[in-house]
Amino acid sequence: MTAPNHSRFEAVRLRLEQFDPGTGWRLWLYEFLLFGFKQGWACLFGALLLALLLATHFFYPADAPLHRYDFLTLSAVAIQAGMLAFRLETWAEAKVILIFHVVGTVMELFKTAAGSWIYPEESLLHIDAVPLFSGFMYAAVGSYIARVWRIFDFRYTAYPPRWATWLLAAAIYINFFAHHWLPDIRMALFAATGLLFWRTRVHFRNWRAHRWMPLLLGFLLVALFIWGAENIGTFARAWTYPGQENGWRMVSLAKLGSWFLLMLISFVLVALVSPIREPD
């Protein structure tokens, strides 16, 4: 029986971590497969959304009585409800998703009004030019970070003062809006991020022992993963950037920097509800 603050995955994870595959190549292979399984579980919400985007792009009927975007919105709500009902997700993780949905939707409203990207299809479930399913895409990032934090039992060394991370996250969020009228200070924000986190290590437990990596490297890897997912989303015509109106092309690598900064906002928000602990 799983505890109320844990998903059904908790019991499975504990059994897998208690299994002893032996030594040598068997241990390496087991840890590799276990790492992939845990990452796949952490990505579950986002992976289901990406699968929906691709499936509806290829197979959704053009003459369906329900707009594709509205179908995506209702499907995202159903996925969220199903994950809670079957204890595939905790209520704490659901709260994180709600926070990211609100934060992401506010940004979407501004960015679409500024012409940064558009949603080319019609919908009934929308606010201005933003279909409501878009907020779930931001929520998928928050869901992943909250899940991977708990599943891998993150610990930190040389973590910067929390007030400094809050100020940095606020400055990044404001710059996403303000750079349309004021000078873009993202290079200064990159420098501030490096200054704050260059000594920080994240310790993660895959099997039994904690390993570590520079937290900045972790930020970059997650941003790269999100950039790849964004390419899938634009390929599926969920939204389009300027220059993609007449056909899909790969999203510029410049967006990787934007996702790096946005990922930092996501990390700081998750840190509000997840413990910053040092290694034992």
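Residues numbered from 1 in each chain as written. Predicted model: local features only at pLDDT ≥ 70, side-chain atom pairs only at ≥ 80, totals over all residues. Heavy atoms only, no water.

Caption draft 1: Broad picture of the overall build of the protein chain. Scanning the protein chain from terminus to terminus reveals ten helices and five strands. Its C-alpha radius of gyration of 20 Å places the protein chain within 12% of the 19 Å reference for a compact globule of 280 residues. Principal axes of the C-alpha set define a box for the protein chain whose edges measure 55 × 45 × 35 Å. By the burial criterion, 48% of the 280 residues in the protein chain qualify as buried. (Helix = DSSP H or I, 4+ residues; strand = E, 2+ residues; numbered from the N terminus. Rg over C-alpha atoms; globule rule 2.2 N^0.38 Å. Buried < 20%, exposed > 50% of the residue type's maximum accessible area, 1.4 Å probe, protein only.)

Caption draft 2: How the structure looks around a nonpolar patch on the surface. Judged by side-chain polarity, Phe-58, Phe-59, Phe-235, Trp-248 and Met-250 come together as a nonpolar surface patch covering roughly 600 Å² of accessible area. Position of Trp-248 among the secondary structure elements: in the loop between helix 9 (215–235) and helix 10 (254–271). A residue is classified by how much of its surface remains accessible, and Trp-248, at 38% relative accessible area, is partly exposed. (Patch = residues over 30% accessible without salt bridge, like charges linked within 9 Å, V, L, I, M, F, W, Y side chains within 5 Å. Areas by Shrake-Rupley, 256 points an atom, 1.4 Å probe, with all protein chains shown as cover. Salt bridge = Lys/Arg side-chain N within 4 Å of Asp/Glu carboxyl O.)

Caption draft 3: Layout of the packing of helix 7 (residues 162–178) against helix 8 (residues 186–197). Contact geometry of helix 7 with helix 8 gives a least axis separation of 11 Å together with a crossing angle of 165°. The pairing of helix 7 with helix 8 is recorded here as roughly antiparallel in orientation. Crossing of helix 7 against helix 8: the hand is left-handed. Contacts from Ala-164, Thr-165, Leu-168, Ala-171, Ile-172 and Asn-175 of helix 7 reach helix 8 at Arg-186, Leu-189, Ala-192, Thr-193, Leu-196 and Phe-197. Looking at the contact of helix 7 with helix 8, its residues break down into eight nonpolar, three polar and one charged. (Axes fitted to C-alpha atoms, helices over the stretch in contact; angles between N-to-C directions. Parallel < 35°, antiparallel > 145°, perpendicular 65-115°, else oblique. Left-handed = near helix turned anticlockwise from the far one by under 90°. Contact = heavy atoms within 4.5 Å. Nonpolar A, V, L, I, M, F, W, Y, C, P; charged D, E, K, R; others polar.)

Caption draft 4: Region of the structure containing the pattern of salt bridges. Across all of its chains, the model carries ten salt bridges by this definition. One salt bridge in this structure joins Asp-153 and Arg-155, with 3.2 Å as the shortest N-O distance. Pair check on accessibility: Asp-153 and Arg-155 agree, each one buried. A salt bridge links Asp-184 to Arg-186, with the shortest nitrogen-to-oxygen separation between them at 3.0 Å. For Asp-184, a relative accessible area of 38% corresponds to the partly exposed category. Residue Arg-186 is classed as buried on the basis of its relative accessible area, which comes to 19%.

Caption draft 5: Broad picture of the pairing of strand 5 (residues 210–214). Judged from the five bridges that link them, strand 4 (residues 201–205) and strand 5 form a sheet pairing that is antiparallel. Each residue of the ladder has a partner; that of His-203, found in strand 5, is Trp-212. Between strand 4 and the antiparallel strand that follows it, strand 5, lie four residues. (Pairing = 2+ DSSP bridges.)

Caption draft 6: Inspection of unusual backbone geometry at higher detail. Look at Asp-128: it is not a glycine, yet its phi comes out positive at around 55°. Accessibility expressed as a relative area gives 65% for Asp-128, which makes it exposed.

Caption draft 7: Quick look at the pairing of strand 4. The buried fraction of strand 4 is high, at four of five residues. Of the strand pairs in this sheet, strand 3 (residues 155–157) and strand 4 are connected by three bridges, and their pairing is antiparallel. Across the sheet, Tyr-156 pairs through a bridge with Val-202, a residue of strand 4.

Caption draft 8: Local environment of helix 6 (residues 134–151). For helix 6, which comprises 18 residues, the first-to-last C-alpha distance of 26 Å matches the rise-based estimate of 26 Å (1.5 Å per residue) to within 8%. With 17 of 18 residues buried, helix 6 is to be regarded as a mostly interior element. (Expected span 1.5 Å × (residues − 1).)

Caption draft 9: Main features of the sheet that holds strand 3. The three strands are arranged 3-4-5 in an open sheet whose pairing can be described as antiparallel. The outermost strands of the open sheet, each flanked by one partner alone, are strand 3 and strand 5. Each strand axis lies, on average, 30° off the axis of its neighbour in the sheet, ignoring direction.

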